[in-house]
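Per-entry structural report
If you want the building blocks of each chain, they are given just below.
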Amino acid sequence: MLPNEYLYLDYNATTPVDPLVLQVMIPFFNVHFGNAASTTHSLGRFAADAVHKSREQVSQLINCESNELIFTSGSTEAINQAISSIGAIYRSKGRHIITWKSEHKAVLESCERLEKLGYQVSMLSVNREGMPDLEEFEKTITNETILVSAMLVNNETGVIFPIEAIAKITHAKNSLLFCDATQAPGKMHVDVNELGADLMCISAHKMYGPKGIGALFIRRKNPRVVIEPLLVGGGHERGLRSGTLNVPAIVGFGEASKISLENYWEEGSRISRLRTLLEQELTTNGGGYVNGSIRNRVANTSNIYFEGIRATDLISKTPSIAIATGSACTSALPEPSHVLTAMGLNSKQIMGSVRISLGRFTTMEDITGAIKILGSAINKLREK
Ligand SMILES: *Cc1c(COP(=O)(O)O)cnc(C)c1O
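Now for a description of the structure that goes with this document. (Residues numbered from 1 in each chain as written. Predicted model: local features only at pLDDT ≥ 70, side-chain atom pairs only at ≥ 80, totals over all residues. Heavy atoms only, no water.)

Taking 1.5 Å of rise per residue, the 15 residues of helix 4 (residues 75-89) would be expected to cover 21 Å, and the 21 Å separating its terminal C-alpha atoms lies within 8% of that figure. Among the residues making up helix 4, those that are buried are S75, E77, A78, I79, Q81, A82, I83, S85, I86 and G87. Taken together, the buried residues of helix 4 touch strand 2 (69-72), helix 5 (105-116), strand 5 (145-151), strand 6 (176-180), strand 7 (199-203) and strand 8 (214-218). (Helix = DSSP H or I, 4+ residues; strand = E, 2+ residues; numbered from the N terminus. Expected span 1.5 Å × (residues − 1). Buried < 20%, exposed > 50% of the residue type's maximum accessible area, 1.4 Å probe, protein only. Contact = heavy atoms within 4.5 Å.)

As structure tokens, then:
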């Protein structure tokens with residue numbers, strides 16, 4: 001067990017499973033353990049019914065029809081499937097794809113794979129605030145563009161992209177929009193029809209559900225989007241994702257979706273007050289600068305640059321606090337954050353930046369504790 005005074009402030013990397021979610025999952029491991037595809041008996045039908053209910057709950061979270069969702073192992077898988085199959089299926093329309101340099105690596109590398117197969121990929125820049133230049137986008141998109149990939153909420157900065165506007169420009173060229181919305185549920189209102197995304201992914205472990213489960217939304221009407229499977233076999237998920245369904249995880253994902261939908265507004269305003277307090281202290285007394293648009297940002301994320309300090313030193317001086325430099329996925333290699341690089345920060349600024357992300361179980365005591373511990377570490381590092 002972790003010590004009590006351990007402060008977890010890395011909710012954008014992953015979240016703990018909500019105890020209410022865990023509670024509904026447990027019986028599905030050993031009591032209701034049926035295979036949801038084995039509906040000749042009641043055990044299998046019970047599992048199938050539970051999956052059906054979860055699919056409805058996840059659909060309600062993003063406001064789609066339940067037959068527009070397939071369960072995947074998470075967002076990485078959904079992103080790979082969406083981008084590679086749109087590339088393959090729509091190639092007769094063209095071979096051009098557009099995305100932004102601040103996207104998640106799963107998107108960037110999926111696009112690079114297509115590039116190696118002869119597709120043309122335009123990787124657009126973002127400005128110092130992490131926002132896209134829509135005029136540049138409009139100039140880049142052509143009739144040969146088959147896919148535009150844009151994330152809703154950036155995992156490193158919390159910056160919200162103008163997906164509705166991007167969707168309008170995309171659809172005017174008869175192209176499809178894939179939206180990585182992994183960081184959005186529970187942090188903002190997410191409605192796939194308002195956003196105008198044709199494909200979208202979310203992941204349970206970023207919203208107090210279990211790891212290893214996520215969903216891909218595939219629009220069925222206006223337009224009807226066609227994709228192909230990554231995994232073939234027993235024909236599960238309408239043939240688009242074979243493999244025995246992970247029923248406990250799916251049930252947990254459903255419950256997590258329900259809780260997020262019910263609580264996001266209240267939770268957001270509570271977390272927003274905590275972040276404001278934290279940022280005020282770390283900027284006025286700690287001499288930090290906030291990275292990313294202040295106006296277009298979700299309430300839980302704070303990416304802060306401390307002049308004259310190395311983030312890795314700050315992190316090693318504060319072992320009781322879990323915070324991140326750059327993104328978790330690349331933190332094994334001390335590579336500068338590609339998101340902050342895309343925003344135009346120089347290498348000193350990037351190496352001096354940390355990401356602090358709050359969540360459902362963050363308390364006022366956590367924040368006052370973090371302010372004290374980080375504040376004194378910053379002062380000590382500055383004295384040197
Ligand atoms: C976490 C994350 C992913 C990857 O999701 P997994 O379910 O862990 O594979 C993709 N995009 C964003 C924005 C994320 O935050």
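Attention now goes to empty space enclosed by the protein. Tallying each qualifying case throughout the model produces two cavities of 30 Å³ or more. Of the volumes computed, that of the largest cavity is approximately 140 Å³. For the largest cavity, the lining is made up of 16 residues, of which G186, K187, Y208, E267 and I271 are closest to its centre. Of the residues that constitute the lining of the largest cavity, the class distribution is seven nonpolar, six polar and three charged. (1 Å grid on protein atoms, 1.4 Å probe; cavity = no way out; pocket = protein on both sides within 12 Å on 5 of 7 lines; lining within 4 Å. Points joined across faces, edges and corners; volume = space filled by probe spheres on them. Nonpolar A, V, L, I, M, F, W, Y, C, P; charged D, E, K, R; others polar.)

As a structural note, the neighbourhood of the ligand is formed by 13 residues, with T76, D180, Q183, S203 and K206 the closest of them. Between the ligand and T76 there is a distance of 2.5 Å, counted from an oxygen atom to a side-chain nitrogen or oxygen. S203 has a polar side-chain atom sitting 2.6 Å from an oxygen atom of the ligand. Protein contact buries 88% of the 380 Å² of open area that the ligand shows by itself. Element by element, the count of residues in the shell around the ligand is highest for helix 4, at three residues. Taken together, the residues of the shell around the ligand sort by class into two nonpolar, nine polar and two charged. (Near = heavy atom within 4 Å. Polar contact = N/O pair within 3.5 Å; in protein donor to acceptor, adjacent residues only side chain to side chain. Areas by Shrake-Rupley, 256 points an atom, 1.4 Å probe, with all protein chains shown as cover.)

Two elements in contact, helix 9 (residues 247-285) and helix 13 (residues 364-383), have axes separated by 10 Å at closest approach and are oriented at 15 degrees. Between helix 9 and helix 13, the angle falls in the class roughly parallel. Handedness of the crossing formed by helix 9 with helix 13: right-handed. Contact with helix 9, carried on its side by L274, L277, L278, E281 and L282, involves M364, I367, A370, I371, L374 and I378 of helix 13 and no other residues of that element. Taken together, the residues that form the contact of helix 9 with helix 13 break down as 10 nonpolar, no polar and one charged. (Axes fitted to C-alpha atoms, helices over the stretch in contact; angles between N-to-C directions. Parallel < 35°, antiparallel > 145°, perpendicular 65-115°, else oblique. Left-handed = near helix turned anticlockwise from the far one by under 90°.)

Another point: the side chain of N154. Mapped onto the elements, N154 comes out in the loop between strand 5 and helix 7 (163-172). Residue classification places N154 among the buried residues on the basis of a relative accessible area of 5%.

Moving on, we get to the sheet that holds strand 9 (residues 288-290). As summarised here, the arrangement of the three strands in space is 9-10-12, forming an open sheet in which the pairing is antiparallel. Edge strands, defined here as strands with exactly one partner in the open sheet, are strand 9 and strand 12 (353-357). The average angle at which neighbouring strand axes cross in this sheet is 30 degrees, direction not considered. In the sheet, strand 9 pairs with strand 10 (residues 301-306) via three bridges, with the strands oriented antiparallel. The residue of strand 10 that forms the bridge with V290 is I304. (Pairing = 2+ DSSP bridges.)

What follows concerns the pattern of salt bridges. Scanning the entire structure with this criterion turns up nine salt bridges. Measuring nitrogen to oxygen at the nearest pair gives 2.8 Å for the salt bridge that ties E237 to R55. Placement of E237 in the loop between strand 8 and helix 9 and of R55 in helix 3 (residues 42-62) is noted, with a sequence separation of 182 residues between them. Judged by its relative accessible area of 8%, E237 falls in the buried class. Measuring nitrogen to oxygen at the nearest pair gives 2.8 Å for the salt bridge that ties E267 to R360. Remark: R360 occurs in the loop between strand 12 and helix 13 and E267 occurs in helix 9; sequence separation between them is 93 residues. Here E267 falls in the buried class, since its relative accessible area comes to 11%. Judged by relative accessible area, R360 falls into the buried class, the value being 12%. Residues joined in a network through salt bridges with shared partners are D18, E267 and R360. (Salt bridge = Lys/Arg side-chain N within 4 Å of Asp/Glu carboxyl O.)

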